[in-house]
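The lines below spell out each chain.
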Amino acid sequence: MKLFLDTANVEHVAEVASWAVLDGVTTNPTLVAKEGKDFKETVLKMCELVPCVSAQVTATDAEGMQQQAVEYSKWHKHVVVKVPMTTEGLKALRFCAKKGIRTNTTLVFSLPQAILAAKAGATIISPFVGRIDDIGENGMVLIGQIMEAWAHYKFTTEVLVASVRHPDHVIEAARLGAHIATIPYEVFKKLPLHPLTDTGIKRFLDDWEKVKHGS
Ligand code: E4P
């Protein structure tokens, strides 16, 4: 399972990358706007830290998306072009697949959308589980449906669980066999923690103090 950070904050990427478990980063226009920094500069800094950085197109027509995809893909070999799940986006996905440009289809909310994006040649699809939870449904049900369908066919498209809100989303993503989860910084920081690890370390260190040892 690959773990990505869902952020446009370079310091947060550097911190989690130093733990030696980070496989990539996903950004989106909202996350980039929140940081208030230059988009290209941010993407390039992140590309130096991880092998896979999603940079989202802002055009809404296929031709515009394709132009942006070609431009972003020239920035760095670690760039993955994020394309929205629309019929125009499908055309751009096919174009990118033919050109060898890696893509991440964003805003996937149903199994038919997931299948269409995979058929159009998406490298990654991003179903947004948290936003489905937000409207009173269960986002992880969609991940279950996609993984069930993927088991029947030979899609090479990786399933990325996006819009993660809490560690339980990561646990469920792993149990369902999703290939990737993209995780906000505040949630990622919770993953290494367990109170029994802390009390266990304290007890070991306290007991070690009772042992006669040279230094
Ligand atoms: C994924 O690539 C998106 O950036 C992200 O997961 C969206 O999450 P949100 O619903 O918290 O905005």
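Refer to the structure above for everything that follows.
Criteria and cut-off values
- Residues numbered from 1 in each chain as written.
- Predicted model: local features only at pLDDT ≥ 70, side-chain atom pairs only at ≥ 80, totals over all residues.
- Heavy atoms only, no water.
- Helix = DSSP H or I, 4+ residues; strand = E, 2+ residues; numbered from the N terminus.
- Buried < 20%, exposed > 50% of the residue type's maximum accessible area, 1.4 Å probe, protein only.
- Contact = heavy atoms within 4.5 Å.
- Areas by Shrake-Rupley, 256 points an atom, 1.4 Å probe, with all protein chains shown as cover.
- Expected span 1.5 Å × (residues − 1).
- Polar contact = N/O pair within 3.5 Å; in protein donor to acceptor, adjacent residues only side chain to side chain.
- Pairing = 2+ DSSP bridges.
- Axes fitted to C-alpha atoms, helices over the stretch in contact; angles between N-to-C directions.
- Near = heavy atom within 4 Å.
- Nonpolar A, V, L, I, M, F, W, Y, C, P; charged D, E, K, R; others polar.
- Phe/Tyr/Trp six-rings, centres within 6.5 Å; stacked < 30°, edge-to-face > 60°.

Q: Could you give me a rundown of the overall build of the chain, with the residues and numbers involved?
A: Each helix and strand in the chain was counted, giving eleven helices and eight strands. A principal-axis box enclosing the C-alpha atoms of the chain has dimensions of 70 × 40 × 30 Å. The proportion of buried residues among the 215 residues of the chain is 46%. Contacts in the chain between residues at least 24 apart in sequence constitute 57% of all its contacts with a sequence separation of at least 6. About 11500 Å² of surface is accessible on the chain, with carbon and sulfur atoms providing 56% of the total.

Q: Tell me about helix H11 (residues 195-209), and name the residues and values.
A: With 15 residues, H11 extends 22 Å between its outermost C-alpha atoms, agreeing within 8% with the 21 Å of an ideal straight helix rising 1.5 Å per residue. Within H11, only zero of the 15 residues are buried, leaving the element largely exposed.

Q: A description of the side chain of Asn104 should follow, citing residues and the corresponding values.
A: If you trace the backbone, Asn104 turns up in strand S5 (residues 103-108). The class of Asn104 is buried, set by a relative accessible area of 0%. A distance of 2.7 Å separates the side chain of Asn104 from the side chain of Ser126, its partner in a polar contact. With residues up to four places along the chain from it excluded, the contact list for Asn104 reads Thr26, Ser54, Val80, Val81, Lys82, Val83, Ile124, Ile125, Ser126 and Leu160.

Q: Describe the sheet that holds strand S8 (residues 180-183), and please don't skip the residues or the numbers.
A: Pairing in this closed barrel of eight strands is parallel, and the strands run S1-S2-S3-S4-S5-S6-S7-S8 around the ring. Sheet twist, expressed as the average angle between the axes of neighbouring strands with direction ignored, equals 30°. Across the sheet, helix H5 (residues 87-99) lies against strand S4 (79-84) and S5, angled at about 155° from S4, the strand it touches most.

Q: Just give me the short version of the site of the ligand, but keep the residues and values in it.
A: The full set of residues close to the ligand is Asp6, Thr26, Asn28, Lys82, Phe128, Arg131, Ala162, Ser163 and Arg165. The separation between an oxygen atom of the ligand and a polar side-chain atom of Lys82 is 2.6 Å. A distance of 2.7 Å is found between an oxygen atom of the ligand and a backbone nitrogen or oxygen belonging to Ser163. Protein chains shield 86% of the accessible area of the ligand, which is 340 Å² for the free molecule. Here the residues of the shell around the ligand are counted per class, giving two nonpolar, three polar and four charged.

Q: Got a sec to walk through the packing of aromatic side chains? Specific residues and values, please.
A: One pass over the structure, following the stated rule, counts seven aromatic pairs. Ring geometry for Tyr72 against Trp75: centres 4.7 Å apart, planes inclined by 35°, an arrangement best described as tilted. Within this pair, Tyr72 and its partner Trp75 are both found in helix H4 (residues 62-75), separated by three residues, close to a single helical turn. Take Tyr72 and Trp75: they sit in the same class, and that class is buried. Between Tyr153 and Phe155, the aromatic rings sit 5.8 Å apart at their centres with planes inclined by 50°, giving tilted as the arrangement. Through a chain of ring-to-ring contacts, three or more aromatic side chains come together here, namely Phe39, Tyr72 and Trp75.

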